[in-house]
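Residue-level structure breakdown
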Amino acid sequence: MSEGTGPDGREQGAATATADTAPPRPEEPAGTPDDPAGAAPPRAEEPAGTPPAPEDPAGAAPPRPPAGTARGLAALRGPAALALAPLLVAAALWLWSLSRIGFRSIDEFGLLDRFPVSFYASLVVLTLGFVLTLRRAGTAPAWPAVYSVAMLFALKAPPAILYDTVRYAWASKHDAIITRLLAEGTVHPGAELTGGMSAYDQWPGFFALDAALVRAFGVEAAASFINWAPVVLGLLTLPLLLLVYRTFSDDWRLVWTAVWIFQLANWVGQDYLSPQGFSYLLYLTVLAVVVRHFVRPGSAGPLRDRAFLDPAAAAVPPATTARRRAVAVVLLVPVVAAVNASHQLTPLMLCMTLAALCLTRRYRNLGLLAVSGALMLAWYLTMGRELFLGTLATLREKLGDLLGNSRPGFAGDPTGPGPELVGNANVLMILVLGGLAVAAVLLRRRLARSALPLILAAGASAPLVAVNDYGGEMIFRVYLFGLPGAAFFAAAAIVPAAGAASRAALAARRAAVVALPLALVAMLAGFLPSYYGKEGMHYVQPGEIELTRRAFDRAPEGALVLAATGAFTDAYYRYDRYERWFFTEQEVDENLRMLKDPAGYLAGGIPAGRPAYVILTPTQAEAVIGEGYLPPGGFATLTDSLKKSPLFAVVEESRFGVVLRYRPTTTG
Amino acid sequence: MARPRLTTPLARSRAALAASGWVALAVTALPGGSPLRWIPVLAFVGLAPGLALLLPRPAAPRPGAGLELFAFAAPLSLSLATLTATGLFLAAAFSVGAFLGILAGFVTVAALLPGVPLPAAGSGPEEPGPDARPAGTAFRFRERGRDGTG
């Protein structure tokens, strides 16, 4: 990379000194014809020694009101009423909607047709209110913050408030892992558990934390707080994103729009109570510390020269000495170690990101990369040895299989109108986000150059698609790790720079008046199907959970428990006592063969002499359609066939599902 | 660094941090699930260890330090809590008392130690140079060109 090299190709020590002595850019007038509200990024520097304002934590808001709480109040005064009104209207609509969300009668479109119109209205009002506050983001950055938190809460709190059971099958699986850890009091990284469950003993960090919290809170299980994870993780992620974006832009409008877009584009469902959700938070922490505190001396080049920078770009942060960077590495060691203790893939993503950042002279921190790599290898070769070596063994098979590794899930395309809508919304979201981001990178070259580390970080994990499919999830993980950079540049595409006076810049700013709210509403429209379109798989009636637990409790230890898919709550209940067979989680062709004689097919897979039970629930019916395992009607065919078969006896049946026991004696 | 006096706001914050862990430990005697129990425990586990490392900072902070403190304290705290809990479970020695006790001890010690020049706690110029300012002078994050001399 040549970013630290000046136009003449020389190292930038001297060039930086030139930039150092450049006079500060004068304060722009508060209102210009193109920026009537004065939202343009502030330019003037303040005298050294001015204390930072709490509501301007990244240290860039220009007019500095007095001290203390007065500053906070001042930020909310003035045109505050205009900013407050949409918030109050949205809050009223949202609260009114909450009790009217029909989550107990979810049909094929998830919650989409169960949200009342007023719920959608509240989100649109929040979006428009946010856009309004952006006009004064330079002087009152607290308001976009308030709206961002409100949107996070409005989007992700309803399940936490309403649901009486654990949302999402995988969250329930993690609840089961925490429960087992508490029961055992330790982990067994060398023990073999079926269904890949040993991996959770090999990377137990996040579960150990949750188990400790369960005991310290004095609650029965993680289920009591599990549904709040998306809100909490979102709240903790927000200031980190803010720090990262503020490092690359002085324009608060761009920064907050990027944060907003990140929230809407984060639909991949990795924010539940999960090691990857937690590790992602820690990954962002490392990224934020690095971009802000690991700038090498003499590496900024022209990137502190206002004449060179995009009007919205921020100058490269102050450089740090090797000693201070070493101290920062020490500070980051527990964070990186916690990532390694918690999740298999994130340490690799982190190392790849740090390696990609080393391609820039600014962030060539080989020490941090070496420490992160050493921690990763240490964990892989000790606690995670078995899975690591097993994965290495499959690499030859998976390596280079780009199509196979990037395929989401195991099976075919989702079937049914709801899942199809979700699939289309996902693709559209990716196209819109990617299209906007690429457009900004191409059209705002100077911003792309100063924010090059974000581009590198966004693309750093992409090569992993060529290596492994990670159980059908690799493509989602690559998307997730690319999201911070993609959201920043997508925002740059719809928030044109203030200040530039060219005809194109004027046209861009006029277009943005319409394009910005339209784009944000469109992304909101994409988020909702992606996040809530398959809610039939994610909300489970208490009766269904009771039926599932009764079925497991009824089975003797060591029994084989069959279910169409593992994507149902409590599928992993007491998972160390039973073996599981989720029999539709395979290629579609094989499932079509199975549907011709389900009872015979299943009986053929049950080891002789093994007690076996089949659990079929409404959530599984949703999941096999949503994941594309079975064709429409396939689940009903399967259920009817098993019930009629002499090979299986119905043990329990209700609207919450059916439990069957295998009767090998009748097989003759 | 001079020994902090409890009369300063910083010293009071550090004393409160040091006490918070023992308070969290004490409230575990309350009935399980009570808000009087889980709120102090969550606040302590989720914030105190990170704050104890980041808060003791000398002199005036540089701009951005407030948000950094806010943003980094929770992930750092949760990381330390994760490592503590993992270590205890690996040693088959987990108990609430051990978990909170270790963290409370760590926070107490960290809060008593003098300020560590961690990045988020930093102040003054980032690197020595001809334009280095006197210690304790606040540093504007956006201010350009103070570091490029190295």
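No experiment lies behind these values; they were computed from the predicted model shown.

What follows is about the overall build of chain B. The number of helices and strands found in chain B is four helices and zero strands. The linear arrangement of helices and strands in chain B, starting from the amino end, is α-α-α-α. Looking at the 150 residues of chain B, the share that counts as buried comes to 52%. At a minimum sequence separation of 6, the contacts of chain B that also span at least 24 residues come to 62%.

The next point concerns unusual backbone geometry. Residues and elements named next belong to chain A. Even without being glycine, aspartate 570 reaches a positive phi, approximately 70°. Among the secondary structure elements, aspartate 570 is positioned in the loop between β1 (560–563) and β2 (579–582). Classification of aspartate 570 by C-beta neighbours within 10 Å gives buried; the count is 26.

Before going further, it helps to spend a moment on the domain arrangement of chain A. All names here are of chain A. Domain assignment breaks chain A into domain 1 (75–193 + 202–536) and domain 2 (540–667). If you average the C-alpha positions of domain 1 and of domain 2, the two centres end up 36 Å apart. Each partner contributes to the interface: domain 1 provides 20 residues, whereas domain 2 provides 25 residues. Looking at the side of domain 1 that touches domain 2, the element that brings in the most residues is helix α6 (residues 169–184), giving five residues.

So, about the sheet that holds strand β3 (residues 612–616) of chain A. Within a sheet, adjacent strands bond to each other through the backbone by hydrogen bonds, running parallel or antiparallel. Residues and elements named next belong to chain A. One open sheet accounts for five strands, arranged β2-β1-β3-β5-β4; its pairing is mixed. Each of the sheet's edge strands pairs with one partner strand only, and the pair in question is β2 and β4 (648–654). When the angles between neighbouring strand axes are averaged without regard to direction, this sheet yields 20°. As paired strands, β1 and β2 are joined by four bridges and run parallel to one another. Across the sheet, alanine 563 pairs through a bridge with phenylalanine 582, a residue of β2.

With that settled, consider the nonpolar core. In this structure, Ala490 and Tyr613 of chain A are the most contacted members of the largest nonpolar core, which totals 247 residues. In this structure, tyrosine 613 of chain A is in contact with Ala551, Ala555, Ala559, Val561, Leu562, Val659, Leu660, Arg661 and Tyr662 of chain A, ignoring residues within four places of it in sequence.

Residue and element names in this part refer to chain A. With five of its six residues buried, strand β5 (residues 657–662) lies for the most part within the structure. Where β3 meets β5, four bridges bridge the pair, whose relative direction is antiparallel. Paired with tyrosine 613 across the strands is arginine 661, a residue of β5. Here six bridges tie β4 to β5, and the two strands are oriented antiparallel to one another. Looking across to β5, one finds that serine 654 is bridged to glycine 657. In textbook terms, the turn of a hairpin is the stretch between consecutive antiparallel strands, and for β4 and β5 this stretch comprises two residues.

A few words now on the packing of helix α4 (residues 117–134) of chain A against helix α5 (residues 142–162) of chain A. A pair of packed helices is captured by two measures, namely the crossing angle of their axes and the spacing between those axes. All names here are of chain A. Running from N to C, α4 and α5 point in directions that differ by 165°, and their axes come no closer than 9 Å. Taken as axis vectors, α4 and α5 run roughly antiparallel relative to one another. The hand of the α4/α5 crossing is left-handed. Across from Ser122, Leu123, Leu126, Gly129, Phe130, Thr133 and Leu134 in α4, the residues of α5 making contact are Trp143, Pro144, Tyr147, Ala150, Met151 and Ala154. Tallied by class, the residues present in the contact of α4 with α5 amount to ten nonpolar, three polar and no charged.

Quick look at the environment of leucine 452 of chain A now. Its place among the elements puts leucine 452 of chain A in helix α19 (residues 452–459). In this structure the C-alpha to C-alpha distance between leucine 452 of chain A and glutamine 620 of chain A, which are 168 residues apart in sequence, comes to 45 Å.

Residue and element names in this part refer to chain A. Here α6 contains 16 residues, and its C-alpha end-to-end distance of 23 Å stays within 8% of the 22 Å for a straight helix at 1.5 Å per residue. Most of α6 is tucked away, with 13 of its 16 residues classed as buried. Directly after α6, the chain includes glycine 185, whose backbone phi takes a positive value near 80°.

All right, on to the environment of tyrosine 363 of chain A then. Residues and elements named next belong to chain A. On the secondary structure map, tyrosine 363 appears in the loop between α13 (346–357) and α14 (366–381). The spatial distance from the C-alpha of tyrosine 363 to the C-alpha of alanine 439 is 25 Å, given a sequence separation of 76 residues. Excluding its chain neighbours within four sequence positions, the residues that come into contact with tyrosine 363 are Val290, Phe294, Leu357, Cys358 and Pro453.

Calculation rules
Residues numbered from 1 in each chain as written. Chains lettered and ligands numbered in written order. Predicted model: local features only at pLDDT ≥ 70, side-chain atom pairs only at ≥ 80, totals over all residues. Helix = DSSP H or I, 4+ residues; strand = E, 2+ residues; numbered from the N terminus. Buried ≥ 20, exposed ≤ 12 C-beta atoms within 10 Å, placed from the backbone. Contact = placed C-beta atoms within 7 Å. Domains from an automatic or database assignment. Pairing = 2+ DSSP bridges. Axes fitted to C-alpha atoms, helices over the stretch in contact; angles between N-to-C directions. Core = buried A, V, L, I, M, F, W, Y, C linked by C-beta atoms within 7 Å. Parallel < 35°, antiparallel > 145°, perpendicular 65-115°, else oblique. Left-handed = near helix turned anticlockwise from the far one by under 90°. Nonpolar A, V, L, I, M, F, W, Y, C, P; charged D, E, K, R; others polar. Expected span 1.5 Å × (residues − 1).

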